[in-house]
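Listed below, chain by chain, are the residues.
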Amino acid sequence: MTPFSYARARDAADAVRLGASPQAKYLGGGTNLVDLMRETVERPTALVDVTGLSSAISESDDGGLLIGAATKNSAVAEHLAVRQRYPVLAQAILAGASAQIRNMATVGGNLLQRTRCTYFYDEDGSRCNKRAPGEGCDAIEGFNRIHAILGASSACVATHPSDMCVALAALDATVHLQGPGGQRSVPLTALHTLPGDRPDIETVLQPGELITAVALPPLAGAARSTYRKVRDRASYAFALISVAATLEVEDGAVKDVRLALGGVAPKPWRASKAEAALRGGPATERAFLAAAEAELADAAPLHGNGFKVELAKRTIGAVLSALAGGVA
Ligand SMILES: Cc1cc2nc3c(=O)[nH]c(=O)nc-3n(C[C@H](O)[C@H](O)[C@H](O)COP(=O)(O)OP(=O)(O)OC[C@H]3O[C@@H](n4cnc5c(N)ncnc54)[C@H](O)[C@@H]3O)c2cc1C
Ligand code: SF4
């Protein structure tokens, strides 16, 4: 492991000051970063501990919720307002990792956790463009069962691993940032970038920018929302496919729908094509499956993960049918 300094930030401004060096990294629960440092995939020379920053969940002026970036994943999942008004978020968090890890992991760290592509972690034995740009990608011809079917590139086919982010994408969450240039906010769906020819760049964050909070907008329909995760084991496994959805049905028609997918793409994937196909149309299983078909029309599976295309379609259909109350 590369030697590093450690400092604990008093507040966001202090964190940004301490995090100004290009080799500095913010430290949340350390459940991903410390593993990557042990494997020497990440080699920061300074760690800025941001677990002392805001960990409050508060009502915002617009009727939504504001979640401090240092809030533990378990605290978000257990919060009454989250469970009642945004159940998809509580369910997504509880579908991830283990109770012990969720007790350590923070909201900020969850947003920026890195891919679980095994070649990415294999510093000594594998080629990886995300780790070493220009080196090549051993996943494309290798073991790629867990990899992406949407949004990937010829440089990188890794998926984004977070369950929480899939729910946040469906909920139109906003991420608040603070950096050397001041404060700004970005929609969760615009935080992560697609790999293109630079898979080492994963977000729109500028050097030294800190995540300070996540805002959930008021969404009446989100009380009727759900998360379904399909995986190899019932617990302690990342998603092969996951679906986060909210659905409002009126007089048999889809009044509003929000749909996001996990396990399919290098970022949490907002299923905009499926949503557009559904809005205003009949809330039937046939319509749900047709919308899933539209979303997956551009899927480009690899030799090891063709099953994901059909699995994604069926999971979308099943989730929306369940939310609609078992439609025909
Ligand atoms: C065995 C295991 C199984 C897991 N299973 C799942 C799963 O099924 N689903 C799932 O979603 N996740 C899973 N995880 C991942 C887990 O959710 C993440 O490790 C965790 O959310 C990261 O949070 P953290 O606070 O520990 O982040 P850290 O490891 O501390 O940091 C992660 C990254 O975020 C950056 N960072 C942290 N806080 C901030 C901030 N405020 N501003 C800017 N940058 C910041 C760090 O610099 C680092 O780059 C699993 C992890 C393990 C070890
Ligand atoms: S898929 Fe991406 S992360 Fe995995 S080996 Fe290829 S370049 Fe690296």
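Bear in mind that the values here come from a model prediction, so they are computed numbers and not experimental data. (Residues numbered from 1 in each chain as written. Chains lettered and ligands numbered in written order. Predicted model: local features only at pLDDT ≥ 70, side-chain atom pairs only at ≥ 80, totals over all residues. Heavy atoms only, no water.)

### Overview of the packing of aromatic side chains
Stated precisely, the cut-off is as follows: Pairing of aromatic side chains here covers Phe, Tyr and the six-membered ring of Trp, requires ring centres within 6.5 Å, and sorts the geometry by plane angle: under 30 degrees stacked, over 60 edge-to-face, intermediate tilted. Burial classes: relative accessible area under 20% of the type maximum marks a residue as buried, over 50% as exposed, and values in between as partly exposed (1.4 Å probe, protein chains only).
Tallied over the full model, the rule gives one aromatic pair. Aromatic side chains Phe120 and Tyr121 sit 5.4 Å apart centroid to centroid with 90° between the ring planes, which places their arrangement in the edge-to-face category. Under the relative-accessibility criterion, Phe120 is labelled buried at 1%. By relative accessible area, which is 16% here, Tyr121 ends up buried.

### So, a nonpolar patch on the surface
Condition: A patch consists of residues exposed above 30% relative accessible area that lack any salt bridge, with like charges linked at up to 9 Å and nonpolar side chains (Val, Leu, Ile, Met, Phe, Trp, Tyr) linked at up to 5 Å. The method behind every accessible area is Shrake-Rupley, applied with a 1.4 Å probe, and residues are considered shielded solely by the protein chains displayed. Salt bridge, as used here, is a side-chain nitrogen of Lys or Arg placed within 4 Å of a carboxyl oxygen of Asp or Glu.
On the surface, a cluster of nonpolar side chains totalling about 330 Å² of accessible area is made up of Met1, Phe4 and Tyr6. Residue classification places Tyr6 among the partly exposed residues on the basis of a relative accessible area of 48%.

### Side note on the pairing of strand S8 (residues 210–216)
Operational definition: In DSSP terms, a helix is any run of H or I states spanning at least four residues, a strand is any run of E spanning at least two, and both are numbered starting from the N terminus. Two strands qualify as a pair provided that DSSP identifies no fewer than 2 bridges between them.
Counting buried residues along S8, six of its seven residues qualify, which places the element largely inside the surrounding structure. When strand S5 (residues 65–68) meets S8, the two strands line up antiparallel, connected through four bridges. Within S8, the residue paired with Leu66 across the bridge is Ala215. For strand S6 (residues 174–179) and S8, the ladder comprises five bridges, and the chain directions are antiparallel. In the sheet register, Val175 faces S8, and the bridge partner there is Val214.

### Topic: the side chain of Lys229
Convention followed: Here a polar contact is recorded for every N or O atom pair within 3.5 Å, except that within protein the pair must consist of a potential hydrogen donor and a potential acceptor, and residues adjacent in sequence are included only if both atoms are side-chain atoms. Only heavy atoms enter the contact rule, under which two residues are in contact if any of them lie within 4.5 Å.
Relative to the elements of secondary structure, Lys229 occurs in strand S9 (residues 225–230). A distance of 2.8 Å separates a polar atom in the side chain of Lys229 from the backbone oxygen of Ala95. In terms of polar contacts, Lys229 uses its side chain to reach the side chain of Asp163, at 2.8 Å. The residues contacting Lys229, other than those within four sequence positions of it, are Ala95, Gly96, Asp163, Ala237, Phe238, Ala239, Ile241 and Ser242.

### Some details on the sheet that holds strand S3 (residues 46–49)
Keep this limit in mind: What counts as an axis is a line fitted to C-alpha atoms, over the stretch in contact for a helix, and the angles between N-to-C directions run from 0 to 180 degrees.
What the three strands build is an open sheet, ordered S1-S3-S2; its pairing is parallel. The open sheet has two free edges, formed respectively by strand S1 (5–8) and strand S2 (24–27), since each of these has just one partner strand. Averaged over neighbouring strand pairs, the angle between their axes works out to 25° when direction is ignored.

### Brief notes about the site of ligand 1
For clarity, the cut-off: Distances are taken per atom, and a residue is near a molecule or strand as soon as one of its heavy atoms is within 4 Å of it. Each residue gets one of three labels, nonpolar for Ala, Val, Leu, Ile, Met, Phe, Trp, Tyr, Cys and Pro, charged for Asp, Glu, Lys and Arg, and polar for the others, Gly among them. Boundaries between domains were set according to an automatic or database domain assignment.
Of all residues adjacent to ligand 1, which total 30 residues, the nearest are Tyr26, Thr31, Leu33, Thr106 and Asp163. Residue Gly30 places a main-chain N or O atom 2.8 Å away from an oxygen atom belonging to ligand 1. In the environment of ligand 1, a nitrogen atom lies 2.7 Å from a nitrogen or oxygen atom belonging to the side chain of Asp163. Here ligand 1, which alone exposes 980 Å², has 93% of that area covered by the protein. Taken together, the residues of the shell around ligand 1 break down into 14 nonpolar, 13 polar and three charged. Built from parts of two domains, the shell around ligand 1 gets at least three residues from each of domain 1 (5–51) and domain 2 (225–324).

### Thoughts on the sheet that holds strand S7 (residues 182–187)
Read from one edge of the open sheet, five strands run S4-S5-S8-S6-S7, paired in antiparallel fashion. In the strand order of this sheet, the two ends are held by strand S4 (57–59) and S7, each with one partner. The sheet shows a mean angle of 25° between the axes of neighbouring strands, taken without regard to direction. In the sheet, S4 pairs with S5 via three bridges, with the strands oriented antiparallel. Bridge assignment links Ile57 to a residue of S5, and that residue is Ile67.

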